[in-house]
Amino acid sequence: MLKSYSPIFSLLVFYLVIGGCSKNNEKSMEITVPVMESGGQPMPDEWIDKDTKHRIVRLTGTEGGRSFYFHNNPFVKAENGSDDLMVFYRDVGENRQLFSVNLQTKEIKQLTNHPSRFSGEIVGKNKKEVFYQSSDSVFATNIITQKTRLIYVFPEDFDGRITTVNADETLLAGTYALPVKDSIYAKNPNKSSYFNLIYEAKIPHTLFTIEIETGKLNKLYKEAAWLNHVQFSPTDPDLLMYCHEGPWHLVDRIWTINVKTGINGLKHKRSIYREIAGHEFFSRDGKIIWYDLQMPRGETFFLAGVNVETGDSTRYKLDRDLWSIHFNISPDQKTFAGDGGDSTQVAHAKNGRWIYHFTPSGDSLVAEKLVNMQHHGYRPLEPNVHFSPDGKWVIFRSDLDGTVHSYAVEL
């Protein structure tokens, strides 16, 4: 993983950077990692945040790039079996293409050269494929060889959208909605406009799967409600999570369905007025669904989890300034990361513009600040944190220097 220093060496580097060495040492050593404010100016490829003292590395080169949404796994092993690759988006001309970056060597390769717009942040880590959709067609590109194959073409009367691949990489899943939904989007392009309108319209939605090898479409479940945030369990190939989308204080949001049996169940039931639960994601072992819980909205904050088999719940309390738009869990499942938020978000935090590392302590989370995000624009670009596969870095996207890049901050 991104070259990590030993704790002793890291302390030595910092000591030298802040001027703690003797004049003789200063003459004999060249300081290459500057200590500086994170953003508000052109940034080097590597620096140390002057407020947190953590090292930050740009992953996407001078041309930039956008890492994936927080619950979409972007990582696969490189061809040598030891290095880790991260898939990301970069704008190329008028279209956005997929690229990979080797987290050890920083080598960047272009994966796609698709002629029209497409979407999809779906990586199969075993077969090393990235799935995406252009209009009615679903494709898979091998991340190592860049060989592309056509997976499926939706029929005219079922214009679905794929969002996830299951644990054994045999199924894709997503949702289909009646065309009236697209017309609402077209007339109301801003989320503040379309969000309530789609919820109130009660448009019938269908959950579906596609068998990757056979191209068979299976319609799982239909409801006159906005179904969204569809995610397969990372370990159980039959367990699919989805949400009832809409104003969070009006919906019981988090649900799962077994794609073989059709057994459907609510995972968190709201119990007080204006309670909200959302931005749900699976633990690494698939046993727990974690989510942002507020009881009530904007007042009391928790990172909460529910065991998918037993229903047992876990809650870690958070101070207002520590609330994050998105949370994520480390590979060893012992700690969490968060991407903070500005004062316009639901927590109205006065000092919440940070990338955080959280460690559970009793029924609360203890926070360490990793990156000062005062120059990041939270409204147009949410940071969406990921832990690196070795658990030593937190990866996020940001426009902190005026352009969109993906960065890794060392823990």
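From a predicted model like this one, the values you see are computed outputs, not experimental measurements.

Tallying secondary structure elements over the protein chain gives four helices and 30 strands in all. Computed over the C-alpha atoms, the radius of gyration of the protein chain is 22 Å, within 12% of the 22 Å expected from 2.2 N^0.38 for a compact globule of 411 residues. Residues classed as buried in the protein chain amount to 53% of the 411 residues present. For the protein chain, the share of sequence-separated contacts (at least 6 apart) that also reach a separation of at least 24 residues comes to 46%. In the structure as shown, the protein chain presents an accessible area of about 18600 Å², 49% of it carried by carbon and sulfur atoms. Across the protein chain, the 46 positively charged side chains and the 50 negatively charged ones have centroids separated by 2 Å.

This part covers the sheet that holds strand β5 (residues 84-92). Ordered in space as β4-β5-β6-β7, the four strands form an open sheet in which the pairing is antiparallel. The open sheet has two edge strands, β4 (75-77) and β7 (108-110), and neither has a second partner. Along the sheet, successive strands turn relative to each other by an average axial angle of 40°, direction set aside. Across three bridges, the pairing between strand β6 (residues 95-102) and β7 is antiparallel. Among the inter-strand pairings, S100 is bridged to a residue of β7, identified as K109.

A few words on the pattern of salt bridges. All told, the structure shown has 15 salt bridges when counted by the stated rule. Two residues, R55 and E410, come together in a salt bridge whose shortest N-O distance is 3.1 Å. Here R55 is found in strand β3 (residues 55-58), whereas its partner E410 is found in strand β30 (residues 405-410), with 355 residues between them in sequence. Connected through salt bridges with shared partners, the residues E46, R55 and E410 form a single ionic network.

With that settled, consider the packing of aromatic side chains. Where two aromatic rings form a pair, the distance of their centres and the angle of their planes describe that pair. The tally for this structure, following the rule as stated, stands at 23 aromatic pairs. With a centroid separation of 5.6 Å and 80° between ring planes, the pair formed by W47 and Y407 is classed as edge-to-face. Taken together, the residues span a long stretch of sequence, with W47 in strand β2 (residues 46-49) and Y407 in strand β30 at a distance of 360 residues. In terms of burial, W47 and Y407 fall into one category: buried. Plain terms: the ring middles of F118 and Y132 are 4.7 Å apart, the flat faces sit at 45° to each other, and that makes the pair tilted. Pair noted here: F118 is in the loop between β7 and β8 (119-124) and Y132 is in strand β9 (residues 129-134), with a separation of 14 residues, a long-range link. Like F118, the residue Y132 is buried in the burial classification. Among the aromatic residues, ring-to-ring pairing joins F68, Y89, F118, Y132 and F139 into one connected group. Over the face of the ring belonging to Y89 we find R96, whose NZ or CZ atom lies 5.9 Å from the ring centre. The ring of Y199 carries K202 above its face, with NZ or CZ at 3.9 Å from the centroid.

Taken together, the six strands give an open sheet; going across it, the order is β1-β2-β3-β30-β29-β28, and neighbouring strands pair in mixed fashion. A single partner strand is all that each edge strand has here, and the edge strands are β1 (35-36) and β28 (386-387). For β2 and β3, the ladder comprises three bridges, and the chain directions are antiparallel. The residue of β3 that forms the bridge with E46 is V57.

Attention shifts here to the environment of W47. Judged by its relative accessible area of 0%, W47 falls in the buried class. Spatially, the C-alpha atom of W47 lies 9.1 Å from that of R58, the residues being eleven residues apart in sequence. Sequence-distant contacts of W47, defined by excluding residues within four places in its chain, comprise V33, P34, M36, E37, S38, H54, R55, I56, L400 and Y407. In this structure the side chain of W47 is engaged in a polar contact, spanning 2.9 Å, whose partner is the side chain of S38.

Time to look at helix α4 (residues 191-201). Buried within α4 are the following residues: Y194, F195, I198 and Y199. On an axial view of α4, the arc spanned by its buried residues comes to 125°, and they lie on one face. Residues of α4 that are exposed and point over 90 degrees away from its buried face: S192 and E200.

As paired elements, strand β10 (residues 137-142) and strand β11 (residues 148-153) share five bridges and run antiparallel to each other. Bridging across to β11, F139 finds its partner in L150. Connecting β10 to the antiparallel partner β11 that follows it, the hairpin turn spans five residues, and Q146 within it adopts a positive phi of roughly 65°.

Right, let's talk about the nonpolar core for a bit. Judged by nonpolar contacts, the single largest core of 36 residues is most densely connected at L318, F336, I355, F358, V371, V394 and F396. Counting residues per element, the ones that place at least two in this core are β22 (301-307), β23 (313-318), β24 (327-329), β25 (336-338), β26 (354-361), β27 (364-372), β29 (393-398) and β30. Take this core: its biggest share by element is four residues, from β26.

Definitions and limits used
Note that residues are indexed from 1 along each chain, following the sequence as it is written. Per-residue local features of the predicted model are confined to residues with pLDDT of at least 70, and side-chain atom pairs are confined, for both listing and counting, to 80 or more; whole-chain, interface and lining totals are unaffected and use all residues. Hydrogen atoms and water are omitted, and side-chain values are computed over all heavy atoms in the structure. Under the scheme used here, helices are H or I runs from DSSP no shorter than 4 residues and strands are E runs no shorter than 2 residues, and both carry numbers assigned from the N terminus. Computation of the radius of gyration draws on C-alpha atoms alone. For the globule rule, the value is 2.2 Å times the number of residues to the power 0.38. Relative accessible area decides the class of each residue, using a 1.4 Å probe on protein chains only: under 20% of the type maximum gives buried, over 50% gives exposed, and in between gives partly exposed. We call two residues contacting when some pair of their heavy atoms lies within 4.5 Å. Each accessible area is a Shrake-Rupley estimate made with a 1.4 Å probe; only the visible protein chains count as cover when residues are assessed. Only four residue types enter the charge count, namely Lys and Arg as positive and Asp and Glu as negative; His and the chain termini do not. In plain terms, the charge of a residue is placed at NZ if it is Lys, CZ if Arg, CG if Asp and CD if Glu. A pair of strands is labelled paired if DSSP reports no fewer than 2 bridges between them. Fitted lines through C-alpha atoms serve as axes, helices being fitted only where they are in contact, and the angles separating the N-to-C directions of these axes extend from 0 to 180 degrees. What counts as a salt bridge is simple: a side-chain nitrogen of Lys or Arg found within 4 Å of a carboxyl oxygen of Asp or Glu. Aromatic contacts are taken between Phe, Tyr and Trp rings whose centres are within 6.5 Å, Trp giving its six-membered ring; a plane angle under 30 degrees counts as stacked, one over 60 as edge-to-face, and the others as tilted. Only when the NZ of Lys or the CZ of Arg is both within 6 Å of the ring centre and within 35 degrees of the ring normal is a charge said to sit over the ring. For this analysis, a polar contact is any N or O atom pair within 3.5 Å, provided that within protein one partner can donate a hydrogen and the other can accept it, and provided that sequence-adjacent residues contribute only side-chain to side-chain pairs. Taking the helix axis as origin, the arc is that swept by the directions to the C-beta atoms. We define a nonpolar core as any set of buried Ala, Val, Leu, Ile, Met, Phe, Trp, Tyr and Cys residues linked to one another through side-chain atoms lying within 4.5 Å.

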